[in-house]
Amino acid sequence: LNMTVESTYYIPYGHWAAADITSFVSKYDIRDVFDQYTGFDSGISLKNTVLIVEKVLTGGKSETAYYLNDKARELGIDGVINYSSPGRYITRQELAAIIMRLYELKTDINSNSLIISKTILTNDDGDIKDSCYRPVALCIDMKILTLDSDRNFRPKESCTGAQVVSALTRLLRILGEI
């Protein structure tokens, strides 16, 4: 990018995810999702999350698919998200599923073959969908996503743009891409 991060994206001074956001936007142009007027602390739609994942998978190029279900299918994430309501905010458990599918696509390693290094106990295990439980546990184990101070994951909570970009940045650091 030929512009400074500070002049293109609004990142408040001292923001908890400033380093992750700065690292991410120095590699990927996500101005079509976040501009200088859209803060990263707003909720992020499923559609915009898919657009950001597309940039990670394609090196920043836009693919030809117009409809979200076609785009999700092209990106190989159609099996991990319900894209019937593209404008709704993405949940933390859906983000975990997308992160682990992205890990699989970038490494050619099936996440089912990964061993979770410790027992992951959350107070809200019962709220995690069965299909998302392993991705959630792996994301917690890999320190891509975290629990709150009361050991809750809050799987049904909507994600902000900062949370999505931070999680993607953490994954890309693990993969050595950032």
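The structure under discussion appears in the preceding block.
Keep in mind the model is a prediction, meaning the values are calculated, not measured. (Residues numbered from 1 in each chain as written. Predicted model: local features only at pLDDT ≥ 70, side-chain atom pairs only at ≥ 80, totals over all residues. Heavy atoms only, no water.)

## Some thoughts on the layout of surface pockets
Turning to step 1, where the next piece is worked out: Roughly 220 Å³ of internal volume is contained in the largest pocket.
Turning to step 2, where the next piece is worked out: Residue lining of the largest pocket: 16 residues in total, with Gly79, Val80, Ala97, Ser131 and Pro135 positioned closest to the centre.
Turning to step 3, where the next piece is worked out: Of all the secondary structure elements, the ones that give two or more residues to the lining of the largest pocket are helix H5 (92-107) and helix H6 (130-141).
Turning to step 4, where the next piece is worked out: Take the lining of the largest pocket: its biggest share by element is 5 residues, from H5. (1 Å grid on protein atoms, 1.4 Å probe; cavity = no way out; pocket = protein on both sides within 12 Å on 5 of 7 lines; lining within 4 Å. Points joined across faces, edges and corners; volume = space filled by probe spheres on them. Helix = DSSP H or I, 4+ residues; strand = E, 2+ residues; numbered from the N terminus.)

## Some remarks on the nonpolar core
Turning to step 1, where the next piece is worked out: Counting residues in each nonpolar core, the largest one holds 54 residues, and the members touching the most others are Phe24, Ile30, Phe34, Phe40, Ile52 and Ile99.
Turning to step 2, where the next piece is worked out: Those elements that provide at least two residues to this core are helix H2 (18-27), helix H3 (46-58), helix H4 (68-75), H5, H6 and helix H7 (161-174).
Turning to step 3, where the next piece is worked out: The biggest single contributor to this core is H5, with 8 residues.
Turning to step 4, where the next piece is worked out: Setting aside residues up to four positions removed in sequence, Ile52 forms contacts with Phe24, Ile30, Val33, Phe34, Ile44, Val165 and Leu168. (Core = buried A, V, L, I, M, F, W, Y, C linked by side-chain atoms within 4.5 Å. Buried < 20%, exposed > 50% of the residue type's maximum accessible area, 1.4 Å probe, protein only. Contact = heavy atoms within 4.5 Å.)

## Some remarks on the side chain of Ser111
Turning to step 1, where the next piece is worked out: For Ser111, the position within the fold is in the loop between H5 and H6.
Turning to step 2, where the next piece is worked out: Here Ser111 falls in the buried class, since its relative accessible area comes to 8%.
Turning to step 3, where the next piece is worked out: Sequence-distant contacts of Ser111, defined by excluding residues within four places in its chain, comprise Met100, Glu104, Arg134 and Leu138.

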